[in-house]
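Residue strings, one per chain:
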Amino acid sequence: MRHFLQSNRRELIAFAILVVALIAYLATHPRGPSTYVMTIWANQCLVLALAAIAQFFVVLVRGIDLSVGAMMALTNTVASYVLAGSGLGLFGGTLLVLAVGTACGTINGLIVVYGRIQPIIVTLATASIYVGFALLLRPTPGGSINFDLADAMTLDVLGVPTALVILAIIIGAFWLPLRRSGLGLSIYALGSSETAAYQSGIPINTVRIAAFALGGFFAGLAGTYFSYVTTTGDAGISANFTLNSIAAVVLGGVALSGGVGSLIGAVIGAFILETIAFLMFFSGLPPLAQPFVEGLVLATAIAVGSLAILRQRNRLEAFRR
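Since the model is a prediction, treat every value here as computed from it, not as a measurement.

Calculation notes
- Residues numbered from 1 in each chain as written.
- Predicted model: local features only at pLDDT ≥ 70, side-chain atom pairs only at ≥ 80, totals over all residues.
- Heavy atoms only, no water.
- Helix = DSSP H or I, 4+ residues; strand = E, 2+ residues; numbered from the N terminus.
- Buried < 20%, exposed > 50% of the residue type's maximum accessible area, 1.4 Å probe, protein only.
- Contact = heavy atoms within 4.5 Å.
- Expected span 1.5 Å × (residues − 1).
- Patch = residues over 30% accessible without salt bridge, like charges linked within 9 Å, V, L, I, M, F, W, Y side chains within 5 Å.
- Areas by Shrake-Rupley, 256 points an atom, 1.4 Å probe, with all protein chains shown as cover.
- Salt bridge = Lys/Arg side-chain N within 4 Å of Asp/Glu carboxyl O.
- Core = buried A, V, L, I, M, F, W, Y, C linked by side-chain atoms within 4.5 Å.
- Phe/Tyr/Trp six-rings, centres within 6.5 Å; stacked < 30°, edge-to-face > 60°.
- Axes fitted to C-alpha atoms, helices over the stretch in contact; angles between N-to-C directions.
- Parallel < 35°, antiparallel > 145°, perpendicular 65-115°, else oblique.
- Left-handed = near helix turned anticlockwise from the far one by under 90°.

Visitor: How would you summarise the overall build of the protein if you had to cite specific residues and measurements?
Guide: On a plain count of helices and strands, the protein comes out with 14 helices and two strands. Here the protein holds 321 residues, and 48% of them are scored as buried. Across the protein, every contact between residues at least 6 apart in sequence was considered, and the portion connecting residues at least 24 apart equals 79%.

Listed below in structure tokens is the structure:
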């Protein structure tokens with residue numbers, strides 16, 4: 001038990017904060033902890049959680065992806081064209097949307113690896129390109145999503161929000177096996193020490209590209225789920241999700257220096273951010289003050305992550321001396 005608490009202290013601290021914030025939110029909501037309230041909450045949290053997962057894989061290999069929101073915007077606008085049908089058309093449309101997201105992430109990784117350019121510079125540039133394509137597809141919000149599919153993905157199953165069921169599937173069927181796989185271990189090794197990973201025979205270029213591709217895939221999932229929630233396409237959603245995805249991974253205990261943290265922690269960080277936003281809305285806080293408080297939370301989260309990097313570098317300098 002002591003080893004478990006020590007190994008997962010970051011996630012446990014974040015989870016405790018989430019529980020406190022959620023209790024406070026439900027206590028202030030006029031309808032209390034009803035299925036309807038929990039479903040709306042879970043839907044919004046899952047959108048940001050998927051964006052945070054996209055950011056998580058890039059941060060894990062010592063990068064920052066400023067195109068997460070842009071990839072969401074592009075896949076959301078694509079979804080507004082291809083997810084309006086039925087049957088096999090919906091299946092094919094979903095595969096197309098996820099392929100677009102994965103391709104965008106892969107392009108980011110290829111430029112970073114073979115162009116030898118810092119990820120933050122590359123993704124800042126590609127973000128503008130992806131948003132440009134999204135605006136070409138949807139200059140103004142519009143389009144439609146199959147309502148039956150949207151309802152199936154955003155309502156509840158026997159009183160449990162479908163969003164939480166989807167999240168449980170992602171963690172159980174994807175993350176837990178991946179973390180123990182060769183790719184998962186290689187991603188952590190690369191983030192911990194690129195030199196040691198290279199000396200161990202890990203194909204660092206391939207692993208880094210794979211991390212960016214995974215980021216693109218989950219950004220595509222985030223854009224798709226945003227389409228289910230809103231049943232429309234909107235090219236203007238980029239900036240908010242990019243910043244919040246960075247803050248979420250930091251709040252969830254993922255180190256911006258790479259190699260430390262878990263997908264579950266990133267998810268919890270996203271849930272914390274969305275829960276705080278809901279809490280402010282129902283707490284009677286003046287609307288003009290809400291952006292200030294949200295910005296303060298974001299700035300604090302990112303500052304904490306940056307201080308952790310500086311502290312680590314200072315320790316390395318002291319060791320070298």
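Visitor: Just give me the short version of helix 13 (residues 263–282), but keep the residues and values in it.
Guide: Taking 1.5 Å as the rise per residue, helix 13 with 20 residues should run 28 Å; its terminal C-alpha atoms sit 29 Å apart, in good agreement. Across the 20 residues that make up helix 13, a large majority, 14, are buried. Immediately beyond the C-terminal end of helix 13, within one or two residues, lies glycine 284, with a positive phi of roughly 85 degrees.

Visitor: An account of a nonpolar patch on the surface is requested, with residue identities and associated values reported.
Guide: Taken together, the side chains of Ile107, Ile111, Ile117, Ile120 and Ile121 define a hydrophobic patch exposed on the protein surface, amounting to about 390 Å² of accessible area. When residues of the nonpolar patch are traced back to their parent elements, those giving at least two are helix 5 (88–115) and helix 6 (119–137). Position of isoleucine 121 among the secondary structure elements: in helix 6. Isoleucine 121 sits in the partly exposed class, given a relative accessible area of 49%.

Visitor: Give me the environment of valine 97: which residues, what numbers.
Guide: As for its position among the elements, valine 97 is in helix 5. What valine 97 contacts, discounting residues up to four positions off in sequence, is Thr75, Val78, Ala79, Val82, Gly220 and Thr224.

Visitor: Which residues make up the nonpolar core, and what values do they have?
Guide: Membership of the largest hydrophobic core comes to 81 residues, with the highest contact counts inside it found for Trp41, Phe56 and Phe57. The greatest single-element share of this core, amounting to 18 residues, is contributed by helix 3 (residues 35–60). The contacts of phenylalanine 57, once residues within four sequence positions are left out, are Phe174, Trp175, Leu178, Ile187, Ala211, Leu214, Gly215, Phe218 and Leu263.

Visitor: Which residues make up the packing of aromatic side chains, and what values do they have?
Guide: Remark: the centre distance and the inter-plane angle together describe each pair of aromatic rings, the angle taken between the planes. Within this structure, the stated rule accounts for twelve aromatic pairs. Between the aromatic rings of phenylalanine 57 and phenylalanine 174, the centroid separation amounts to 6.3 Å while the plane-to-plane angle is 80 degrees, which identifies the pairing as edge-to-face. Here phenylalanine 57 is found in helix 3, whereas its partner phenylalanine 174 is found in helix 8 (residues 162–180), with 117 residues between them in sequence. An aromatic cluster is built from Phe56, Phe57, Phe174, Trp175, Tyr188, Phe217 and Phe218, whose rings are joined through pairwise contacts.

Visitor: Please set out the packing of helix 2 (residues 9–28) against helix 13 residue by residue, giving values where relevant.
Guide: For the pair helix 2 and helix 13, interaxial distance at closest approach is 9 Å and the crossing angle is 25 degrees. The angle between the axes of helix 2 and helix 13 places the two elements in the roughly parallel class. Helix 2 and helix 13 meet at a crossing whose hand is left-handed. Residue-level contacts link Glu11, Ala14, Phe15, Ile17, Leu18, Ala21, Leu22, Ala24, Tyr25 and Thr28 of helix 2 to Gly265, Ile268, Phe271, Ile272, Thr275, Phe278, Leu279 and Phe282 of helix 13.

Visitor: Residues and numbers for the pattern of salt bridges, please.
Guide: On inspection of all chains with the given rule, the structure shows one salt bridge. Notably, a salt bridge pairs glutamate 194 with arginine 208, separated by 3.3 Å at the nearest N-O pair. Of this pair, glutamate 194 sits in helix 10 (residues 194–199) while arginine 208 sits in helix 11 (residues 204–230); the two residues are 14 residues apart in sequence, bridging distant segments of the chain.

Visitor: I'd like to hear about helix 11, residue by residue, with values.
Guide: Taking 1.5 Å of rise per residue, the 27 residues of helix 11 would be expected to cover 39 Å, and the 39 Å separating its terminal C-alpha atoms lies within 8% of that figure. Across the 27 residues that make up helix 11, a large majority, 20, are buried.

Visitor: Give a detailed account of the environment of alanine 42, specifying residues and quantitative values.
Guide: Mapped onto the elements, alanine 42 comes out in helix 3. Spatially, the C-alpha atoms of alanine 42 and threonine 275 are 9.4 Å apart, while their sequence positions differ by 233 residues. Contact partners of alanine 42, with chain neighbours within four places excluded, come to Pro161, Ala163 and Leu164.

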